[in-house]
Amino acid sequence: MSLEKQDVLKIAHLARLSLDDNDAEQYQHSLTSVLDLVEQMQSVDTDGVEPLSHPLEAKQRLRDDVVTEENRREAFLANAPQTEAGLFLVPKVID
Amino acid sequence: MVDQSIASLAKKLRAKEISSVELTQDYLARIKQLDGQLNSFITVTDEVALAQAEAADKLIAAGSTSALAGIPVAHKDLFCTDGILTTCASKMLHNFVPPYESTVTGRMLASGAVTLGKTNMDEFAMGSSNENSHFGAVKNPWDLEKVPGGSSGGSAAAVAAGLCVAATGTDTGGSIRQPASFCGISGLKPTYGRVSRFGMIAYASSLDQAGPMARSAEDCAHILQSIAGFDANDSTCSEVATEDYTANLDAPLEGLTIGLPKEYFGDGLNNGVATVIQDAVKEFEKLGAKVKEISLPNLNLSIPSYYVIAPSEASSNLSRFDGVRYGYRCEEPKDLMDMYKRSRGEGFGKEVQKRIMVGTYALSEGYYDAYYLKAQRIRRLIKEDFVRAFNEVDVIMGPVAPTTAFGIGAKTDDPIAMYLEDIYTLSINLAGIPAMSIPAGFAEGMPVGLQIMGNYFAEAKLLNVAHKFQQATDWHTKNPSLAEGA
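Residues numbered from 1 in each chain as written. Chains lettered and ligands numbered in written order. Predicted model: local features only at pLDDT ≥ 70, side-chain atom pairs only at ≥ 80, totals over all residues. Heavy atoms only, no water.

### Notes on the overall build of chain A
Then, in step 1: On a plain count of helices and strands, chain A comes out with three helices and two strands.
Then, in step 2: The C-alpha atoms of chain A give a radius of gyration of 22 Å, which is well past the 12 Å a tight globule of 95 residues would have.
Then, in step 3: A buried classification covers 31% of the 95 residues belonging to chain A.
Then, in step 4: Counting only contacts in chain A whose residues sit at least 6 apart along the sequence, the fraction spanning at least 24 positions is 27%.
Then, in step 5: When the accessible surface of chain A is split by element, carbon and sulfur atoms take 48% of a total near 6,700 Å².
Then, in step 6: Between the mean site of the 9 positive side-chain charges and the mean site of the 19 negative ones, chain A shows a separation of 10 Å. (Helix = DSSP H or I, 4+ residues; strand = E, 2+ residues; numbered from the N terminus. Rg over C-alpha atoms; globule rule 2.2 N^0.38 Å. Buried < 20%, exposed > 50% of the residue type's maximum accessible area, 1.4 Å probe, protein only. Contact = heavy atoms within 4.5 Å. Areas by Shrake-Rupley, 256 points an atom, 1.4 Å probe, with all protein chains shown as cover. Lys, Arg positive; Asp, Glu negative; His and termini not counted. Charge placed at Lys NZ, Arg CZ, Asp CG, Glu CD.)

Printed below as a string of structure tokens:
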């Protein structure tokens, strides 16, 4: 399994990570070596084996549909890089 | 002071031989004196600690029976602590002050434990050497040229050097057990779901589990007692009742059947480590245990399975760091996409970005079945190996890692070699069973940990087995000269 530089740039875009050309080349090597490492899975016969997503195969619990949280708007906004009038501020999205 | 157990300190606190404030001042002074050499703390919370110690002294005077009341501890810097900087050792969270408390730290506070500070770690818990920290590498107190292990390396180094009585850690693929082994302390990864993950900054949600790191199995038992048990705030937290983890520590081991998986003693295991483990097993035979060779045939597959599942879950979990609500935001973003990409590209370190990209690839259209689902099918095979084994034996023993602590920088050029070193710990997280590392001797002057694995929710049994070993041996009381001299 060998990734091209274009593949790395596409993965980085999907993951929303900025990469320069130098980074992309480094990751091309390091991602390829991880994919080589996991390649040995493909030789294992797993026909009829169900995927295991939770070690104890627990099901999600349901709770009553009631309000359990108080409004802590100020506390949650306090960590944001930019806020205005009680809202999170981001760069302009629509021209 | 470095030798003091939670039980002996609790006795002294109640006999008024020492106050929690005095004890806390002693530990804060040790941190100031020694941590410049170790870099085990990211944040030291002097004022908070002294205020908590004062409150604990009142609690003790009022008759509190909690073993942790007034005991100074440290928390891995991925547990959210209300009003205290929580960085996950990342530039991404260099300024994050949580507005709430994790269940683990909250329960320890309720038990009266005193928070000395937050310990260094591999960024977002990704690493086995504690070299991947935005705040610099942590040094091993037994040899400052060597790594303490990771990702809970700061917690392990701090406990080993006597900078706190005990600490919390988290273990996704060995991050409590391997640093405990490298630093010569005791660490327990509980059954998946035994301890709440609420307020733990997530790495791989189906594998992450918090646990105690301390000087002895008995100390681990006291901490587990405080933190274990159901929590409605974590949808994967188990409703299985907790046990009294200190009640049966002294139960005799006659008739105990120990499984030795042949895959844990094959090629790649350092001779010095192998000798220590074999000697430890002989010690258990003296205590009345029987030994049986077993096989965990899919052990080798734990590495590829883990390095698909963990990065996949990480890529999903870490998508929350977008530069909008908390954490790092790049300077002067051109537009929203530029802000996402540069905030994440500049805020995350290289290892974290690599794992995010591995996961993104494994989960992307056309690859999901071949990677993520395949890894989960193999995960079931690994679990079934353990289920079969525990039909025949009570506990399983083996090494924690193939070697002792390696040199700082020795493996940074070959990350795959570092991944392969996780061979003895990853399968435990994939199966979700509990496991401990306890000090069992030394190889070339560095500590070696014995790994003890148990069946689901058998924490009390593991602690009993470990405690009996520590009653018969004194490996867990050894201190690095750095700690003795202070």
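There's plenty left to go through after this.
### Quick look at the pattern of salt bridges
Oppositely charged side chains can pair when the atoms bearing their charge come close.
All names here are of chain B.
Then, in step 1: For the structure on display, the rule yields 21 salt bridges over all chains.
Then, in step 2: The closest approach of N and O atoms between Lys282 and Asp279, which form a salt bridge, is 3.6 Å. A residue pair is termed a helical-turn pair when its members lie 3 or 4 positions apart in one helix, as Lys282 and Asp279 do in helix α8 (residues 271–286) at three residues.
Then, in step 3: Residue classification places Lys282 among the partly exposed residues on the basis of a relative accessible area of 49%.
Then, in step 4: With its nearest N and O atoms 3.1 Å apart, the salt bridge here joins Lys292 to Glu392. Here Glu392 lies in the loop between α12 (369–389) and β9 (395–399) and Lys292 lies in strand β8 (residues 290–294), a separation of 100 residues in the sequence. (Salt bridge = Lys/Arg side-chain N within 4 Å of Asp/Glu carboxyl O.)

### A closer look at the UniProt feature "active site" (unreviewed entry) in chain B
All names here are of chain B.
Then, in step 1: Under the local residue numbering, the UniProt record ascribes the feature "active site" (unreviewed entry) to Lys76, Ser151 and Ser175. A stretch of 100 residues holds the annotated residues, and the largest C-alpha distance among them is 11.0 Å, short enough that they meet in one place.
Then, in step 2: Relative to the assigned elements, Lys76 resides in strand β2 (residues 72–76).
Then, in step 3: Not counting chain neighbours up to four residues away, the residues in contact with Lys76 comprise Lys118, Thr119, Met121, Ala125, Ser151, Ser152, Ser155, Thr168, Gly169, Thr170 and Ser175.
Then, in step 4: Residue placement: Ser151 occurs in the loop between β3 (114–119) and α5 (153–160).
Then, in step 5: By relative accessible area, Ser151 is classed as buried at 0%.
Then, in step 6: Setting aside residues up to four positions removed in sequence, Ser151 forms contacts with Lys76, Asn120, Met121, Asp122, Ala125, Met126, Gly127, Asn130, Thr170 and Ser175. (UniProt positions renumbered as here; feature names shortened; annotations may be inferred.)

### Structural notes on the environment of Thr172(B)
Residues and elements named next belong to chain B.
Then, in step 1: Along the chain, Thr172 turns up in the loop between β4 (166–170) and α6 (177–183).
Then, in step 2: When neighbours within four sequence positions are excluded, Thr172 is seen to be in contact with Tyr203, Ala204, Leu207, Asp208, Tyr306 and Asn429.
Then, in step 3: A polar contact of 2.6 Å, which involves the side chain of Thr172, links it to the side chain of Asp208. (Polar contact = N/O pair within 3.5 Å; in protein donor to acceptor, adjacent residues only side chain to side chain.)

### Quick word on the interface of chain B and chain A
Then, in step 1: Facing the 70 residues of chain B at the interface are 50 residues of chain A.
Then, in step 2: Each partner contributes to the roughly 5,300 Å² buried at the junction of chain B and chain A, and carbon and sulfur atoms together form 66% of this total.
Then, in step 3: At the junction of chain B with chain A, the criterion picks out three salt bridges.
Then, in step 4: With its nearest N and O atoms 3.9 Å apart, the salt bridge here joins Glu239(B) to Arg61(A).
Then, in step 5: Viewed at the interface, chain A and chain B are joined by 22 residue pairs in polar contact (both at pLDDT 80 or more).
Then, in step 6: Considering every element that reaches the side of chain B that touches chain A, the biggest residue donor is α12(B), with 12 residues.
Then, in step 7: In terms of residue class, the side of chain B that touches chain A is built from 39 nonpolar, 15 polar and 16 charged. (Buried area = accessible area lost by both parts, 1.4 Å probe. Nonpolar A, V, L, I, M, F, W, Y, C, P; charged D, E, K, R; others polar.)

### Some words on the nonpolar core
Residue and element names in this part refer to chain B.
Then, in step 1: Among the nonpolar cores identified, the biggest contains 165 residues, and Phe124, Phe386 and Leu463 are the most heavily contacted of them.
Then, in step 2: For this core, the element with the most residues is α12, which contributes eight residues.
Then, in step 3: Among all residues touching Leu463, those that are not within four sequence positions of it are Leu188, Ala217, Cys220, Ala221, Leu224, Tyr245, Leu249 and Met436.
Then, in step 4: Membership of the second largest hydrophobic core comes to seven residues, among which are Val147, Phe182, Ala405 and Phe406. (Core = buried A, V, L, I, M, F, W, Y, C linked by side-chain atoms within 4.5 Å.)

### Examining the packing of aromatic side chains
Residues and elements named next belong to chain B.
Then, in step 1: Applying the stated criterion across every chain, the model contains 17 aromatic pairs over all chains.
Then, in step 2: Measuring from centroid to centroid gives 5.1 Å for Phe284 and Phe469, while their planes differ by 20°, and the two rings are stacked. With Phe284 in helix α8 and Phe469 in helix α15 (residues 459–472), this residue pair connects regions lying 185 residues apart in the sequence. For the pair Phe284 and Phe469, a shared accessibility class is recorded, and that class is buried.
Then, in step 3: Chaining the aromatic ring pairs together yields one cluster made of Phe96, Phe124, Phe321, Tyr326 and Phe348.
Then, in step 4: Cation over ring: Lys91 sits above Tyr328, and NZ or CZ is 4.8 Å from the ring centre. (Phe/Tyr/Trp six-rings, centres within 6.5 Å; stacked < 30°, edge-to-face > 60°. Lys NZ or Arg CZ within 6 Å of the ring centre and 35° of its normal.)

### Considerations on the sheet that holds strand β10 (residues 435–443) of chain B
Residues and elements named next belong to chain B.
Then, in step 1: Reading across the sheet, the 11 strands line up as β1-β3-β2-β4-β6-β5-β10-β11-β9-β7-β8 and stay open at both edges, with mixed pairing between neighbours. Looking at which strands have only one partner, the edges of the open sheet turn out to be β1 (41–44) and β8. Looking at each pair of strands side by side, their axes are set apart by 30° on average, direction ignored.
Then, in step 2: Taken together, the two bridges between strand β5 (residues 186–189) and strand β6 (residues 210–214) define a ladder with antiparallel strand orientation. Paired with Gly187 across the bridge in β6 is Met213. (Pairing = 2+ DSSP bridges. Axes fitted to C-alpha atoms, helices over the stretch in contact; angles between N-to-C directions.)

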